[in-house]
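Spelled out from the first residue to the last, the chains are:
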Amino acid sequence: MQPYALVPLAACIASAAIAVSFWLRAPGNSRVFPVVTLGVLGAFWAFCEVLWSMAPNADAALYLQRLSALGWIGLGPLSLHVVQQAIEQPDRRISRVIGGLYVLSGLVLAMAWTTPWFVERAVPTFWGYGAAPGTAFPIYYAITITAASVALYRWIRHLRSTPEETQDWKGWLATIGLMSPMVGASLTDGILPLLGVHPPRIGSASVAALAALQLMSFLRYGRSLLVPEGFAAKVLETIPDGIAALSLTGHVRALNEALARFFGLPRQQLVGSCLIGALSENVFDPPREVRQLECNVNPGSGPPIPVSISTSIQTDKLGVPEGVVLVARDLREVVALRNHLMTSGR
């Protein structure tokens, strides 16, 4: 067994374990799908690396290298998708781009498995086998690094627009995590092989590093910015009151169907929107806790809806404020009854 095989073996175990832990943390939270998928595919990629580093010949190594494409073909759209789910004001145009890139990745995967266009041959090295890129690999690399760069740019811009989340290490851990595959996989699995140099590859290990940094954020702060928290949807949907998890700036991170009905819009359409202008009382500047404060919800179309709101400030493990939980109770029947009694009293 090549000593190098221990590197992808550790990456495989780490990626798989962390992906499963993220999923088990909130099985019904679809927003963690991208980061969980990234971890699972990274584990598959690393497992293939373990096998090809111990392959008996170059042909067997080549077969496994092409098979491993399932783990790395989609790095570009997955990076965009992780950021799209994590930020509070997702761009729907980017969502359409992500869908197109996933379709393109499926086509590229089929070609990577059946042609030498992306992995031409296995190259024997002192540490096992390197992979010689095929003629179409530079095109794939350019698309992937562009998508990953756009994801990193959007993430950094998002952090700058929400300064309360850049005051501690949560923002840095998420940013370093996103950069890990861009640097590690790009250098040892992309640029250097294109130049004919085949160092030990750390691409799959860099994906494991991204997952590990987010796990570190959970252990330290109780939350990772790149792994949206589960919202216990099945439980919250049974509650008649409207409930939302908001950022300190009033942007919706998650909400239940009862709150969405106040606005007459699909729930997903409200994720990322700002509620400051939608409430007649501003409880976000600065964020403050209130109990049963009567105000109106302005749905945009239709008359204002009287509600009673309560808010609670969320903090991380270190006590740093990081969000607001809002509960809104519909008071239309109460107000109608109150008006009726007042009218009758006259």
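Here's what I pulled together on the structure shown here. (Residues numbered from 1 in each chain as written. Predicted model: local features only at pLDDT ≥ 70, side-chain atom pairs only at ≥ 80, totals over all residues. Heavy atoms only, no water.)

### Focus: the pairing of strand E7 (residues 321–330)
Each regular strand shows side chains that alternate between the opposite faces of the sheet.
And then number 1: As paired strands, strand E3 (residues 242–246) and E7 are joined by five bridges and run antiparallel to one another. Its bridge partner lying in E7, isoleucine 243 is registered against valine 327.
And then number 2: Of the pairings in the sheet, the one linking strand E6 (residues 305–315) to E7 comprises nine bridges and is antiparallel in character. Bridged to serine 312 within E7 is valine 325. (Pairing = 2+ DSSP bridges. Helix = DSSP H or I, 4+ residues; strand = E, 2+ residues; numbered from the N terminus.)

### Brief notes about the packing of helix H8 (residues 169–194) against helix H9 (residues 203–221)
And then number 1: Where H8 contacts H9, the two axes come as close as 7 Å, and the packing angle between them is 170°. For the element pair H8 / H9, the angle class is roughly antiparallel.
And then number 2: Considering only residue class, the contact of H8 with H9 consists of 13 nonpolar, eight polar and two charged. (Axes fitted to C-alpha atoms, helices over the stretch in contact; angles between N-to-C directions. Parallel < 35°, antiparallel > 145°, perpendicular 65-115°, else oblique. Nonpolar A, V, L, I, M, F, W, Y, C, P; charged D, E, K, R; others polar.)

### Focus on the side chain of serine 79
And then number 1: Residue position: serine 79 is located in helix H5 (residues 75–86).
And then number 2: Only 2.8 Å separates the side chain of serine 79 from the backbone oxygen of leucine 75, close enough to count as a polar contact.
And then number 3: Residues in contact with serine 79, not counting those within four places in the same chain, are Ala148 and Ala151. (Polar contact = N/O pair within 3.5 Å; in protein donor to acceptor, adjacent residues only side chain to side chain. Contact = heavy atoms within 4.5 Å.)

### Some remarks on the environment of alanine 148
And then number 1: Here alanine 148 is to be found in helix H7 (residues 137–161).
And then number 2: Using a relative accessible area of 9% as the deciding quantity, one classes alanine 148 as buried.
And then number 3: For the pair formed by alanine 148 and leucine 78, sequence separation is 70 residues and the distance between their alpha carbons is 8.5 Å.
And then number 4: Residues within four places of alanine 148 in sequence aside, it is in contact with Ser79 and Met182. (Buried < 20%, exposed > 50% of the residue type's maximum accessible area, 1.4 Å probe, protein only.)

### Some words on the nonpolar core
Soluble, globular proteins show a tendency: their nonpolar side chains are buried together.
And then number 1: Within the largest apolar cluster, 29 residues are counted, with the highest numbers of intra-cluster contacts made by Trp45, Trp52, Trp72, Ile73 and Tyr140.
And then number 2: If one sorts the elements of this core by residue count, helix H2 (residues 33–53) sits on top with five residues.
And then number 3: Once residues lying within four places of it in the same chain are set aside, the contact partners of tryptophan 45 are Trp52, Ser68, Gly71, Trp72, Leu75, Ala185, Asp189, Gly203, Ser204 and Val207.
And then number 4: Ranked by size, the runner-up nonpolar core spans 28 residues in total, among them Val36, Ile87, Ala211 and Phe218. (Core = buried A, V, L, I, M, F, W, Y, C linked by side-chain atoms within 4.5 Å.)

### A closer look at the pattern of salt bridges
And then number 1: Going through the model one piece at a time under the given rule, you end up with seven salt bridges.
And then number 2: Glutamate 120 is the partner of arginine 121 in a salt bridge, and the nearest nitrogen-oxygen pair spans 4.0 Å.
And then number 3: Its relative accessible area of 45% is what places arginine 121 among the partly exposed residues.
And then number 4: With relative accessibility at 41%, the residue glutamate 120 sits in the partly exposed group. (Salt bridge = Lys/Arg side-chain N within 4 Å of Asp/Glu carboxyl O.)

### Observations regarding unusual backbone geometry
And then number 1: Here the residue pair aspartate 285 and proline 286 is connected by a cis peptide bond, since its omega of 0° sits within 30 degrees of zero.
And then number 2: Examined against the element boundaries, proline 286 turns out to sit in the loop between helix H12 (267–270) and strand E5 (293–297).
And then number 3: The backbone of glutamine 292 shows a phi angle near 50°, a positive value even though the residue is not glycine.
And then number 4: Here glutamine 292 lies in the loop between H12 and E5.
And then number 5: Using a relative accessible area of 61% as the deciding quantity, one classes glutamine 292 as exposed.

### Description of H2
And then number 1: Between its first and last C-alpha, H2 extends 30 Å over 21 residues, near the 30 Å set by a 1.5 Å rise per residue.
And then number 2: In terms of residue burial, H2 counts as a mostly covered element, since 15 of its 21 residues are buried. (Expected span 1.5 Å × (residues − 1).)

### Concerning helix H3 (residues 58–67)
And then number 1: Every buried residue of H3 is accounted for by Ala61, Leu62, Leu64, Gln65 and Arg66.
And then number 2: Of the surrounding secondary structure, the elements contacted by the buried residues of H3 are H2, helix H4 (69–72), helix H6 (92–114), strand E1 (119–125) and strand E2 (128–133).
And then number 3: Here H3 starts with a cap whose side-chain oxygen sits 3.2 Å from the backbone nitrogen of aspartate 59, and that cap is asparagine 57.

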